[in-house]
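Coordinate inspection notes
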Amino acid sequence: MQTPDFLKEKNDIGIEKLDMNTLQGMIAMYDEYADKVEKATQALKVITSQFNNMALEQIPEFMLSHGMSELKLTDGRKVKIKEDISATITDEFAFRQWLKNRNEDAIIKVKYNMDKMSSNASTALADFLATNDYEYEIDESIHAQTKKKYFKELIKELGQEELPEWVKIYNIRKAAIK
């Protein structure tokens, strides 16, 4: 990038030619560092992908296929395969109805910005607001860790094959080396 000649010469705000050359050098260094950051970012993405492949696929698959879930290395470190799940709900309404039918809807967090009330009172309030066409906002959620724990326990009870079609369970196996 070349500094325009009219900026290199002394102007009304007191910028000297030397000052503009210094700025030009700083801008060149800025561009060089930006390029290095971009290259490092791309390299980090590749290395992260390779690390995840090793930690999430290759080591767990190798150890579990050989009947091992934990192993002590000669250098004193332990390799352990941690198993977890991720649950994705494709139909939130069906999930909430499922919870209500099983009397397990206590895990749903509901915010009306008022004091806590029973499930029956909450349902009555929601029905009242809907029936009378009141405009209101409701914040209703289930914490991700609560949902994960719920489905872990449900899988123990029913088995993964017996879960409703609106839930997708992804099994996660990760190698931890400490």
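First, a word on scope: everything that follows refers to the structure included in this document. (Residues numbered from 1 in each chain as written. Predicted model: local features only at pLDDT ≥ 70, side-chain atom pairs only at ≥ 80, totals over all residues. Heavy atoms only, no water.)

What follows deals with the overall build of the protein. Per the secondary structure count, the protein includes five helices and five strands. For the protein, the N- to C-terminal ordering of α and β elements is α-α-β-β-α-β-α-β-α-β. A total of 178 residues make up the protein; the buried ones form 21% of that total. Sequence separation of 24 or more characterises 64% of the internal contacts of the protein that already satisfy a separation of 6 or more. With the model as given, the accessible surface of the protein reaches about 13900 Å², and the carbon-plus-sulfur share is 53%. (Helix = DSSP H or I, 4+ residues; strand = E, 2+ residues; numbered from the N terminus. Buried < 20%, exposed > 50% of the residue type's maximum accessible area, 1.4 Å probe, protein only. Contact = heavy atoms within 4.5 Å. Areas by Shrake-Rupley, 256 points an atom, 1.4 Å probe, with all protein chains shown as cover.)

A separate point is the sheet that holds strand β2 (residues 78-89). Pairing is antiparallel in the open sheet, where three strands are placed in the order β1-β2-β5. Edge positions in the sheet fall to β1 (70-72) and β5 (167-177), since each of these pairs with one other strand and no more. Across the sheet, the mean angle from the axis of one strand to that of its neighbour is 20 degrees, orientation sign disregarded. In the sheet, β1 pairs with β2 via three bridges, with the strands oriented antiparallel. Along β2, the bridge assignment pairs E70 with K80. Packed on one face of the sheet, helix α5 (residues 144-158) meets β2 and β5 and runs near 100 degrees to β2. (Pairing = 2+ DSSP bridges. Axes fitted to C-alpha atoms, helices over the stretch in contact; angles between N-to-C directions.)

The next thing to look at is a positive patch on the surface. Residues K72, K78, K80, K82, K174 and K178 make up a contiguous surface patch of positive charge. When residues in the positive patch are grouped by element, the largest group, three residues, is from β2. Secondary-structure assignment places K82 in strand β2. (Patch = residues over 30% accessible without salt bridge, like charges linked within 9 Å, V, L, I, M, F, W, Y side chains within 5 Å. Salt bridge = Lys/Arg side-chain N within 4 Å of Asp/Glu carboxyl O. Lys, Arg positive; Asp, Glu negative; His and termini not counted. Charge placed at Lys NZ, Arg CZ, Asp CG, Glu CD.)

Right, let's get into the packing of aromatic side chains. According to the stated counting rule, one finds five aromatic pairs in the structure shown. Relative to F151, the ring of Y150 lies with its centre 5.3 Å away and its plane at 80 degrees, an arrangement referred to as edge-to-face. Of the two residues, Y150 and F151, both sit in the buried class. Cluster of aromatic residues (ring-pair linked, three or more members): F95, W98, Y150, F151 and W166. (Phe/Tyr/Trp six-rings, centres within 6.5 Å; stacked < 30°, edge-to-face > 60°.)

A word on the nonpolar core. In this structure, F95, F151, W166, V167 and I169 are the most contacted members of the largest nonpolar core, which totals 17 residues. Secondary-structure elements contributing two or more residues to this core are β2, α3 (92-101), α5 and β5. Look past the residues within four positions of I169 in its chain and what remains in contact with it is I85, S86, A87, F151, I155, Q160 and L163. (Core = buried A, V, L, I, M, F, W, Y, C linked by side-chain atoms within 4.5 Å.)

In an α-helix, one turn spans 3.6 residues; hence positions three or four apart end up facing the same way. For α3, the complete set of buried residues consists of A94, F95, R96, W98 and L99. Looking one or two residues beyond α3, the residue adopting positive phi is N103, at roughly 55 degrees.

With that out of the way, let us pick up the environment of K174. Along the chain, the position of K174 falls in strand β5. Sequence spacing of K174 and I81 is 93 residues, and the spatial spacing of their C-alpha atoms is 5.5 Å.

The geometry of α3 relative to α5 is characterised by a closest axis approach of 14 Å and an angle of 65 degrees between their N-to-C directions. Crossing handedness for the pair α3 and α5: left-handed. Here E92, F95, W98 and L99 of α3 lie close against α5, whose contacting residues are K147, Y150, F151, L154 and L158. Looking at side-chain class alone, the contact of α3 with α5 contains seven nonpolar, no polar and two charged residues. (Left-handed = near helix turned anticlockwise from the far one by under 90°. Nonpolar A, V, L, I, M, F, W, Y, C, P; charged D, E, K, R; others polar.)

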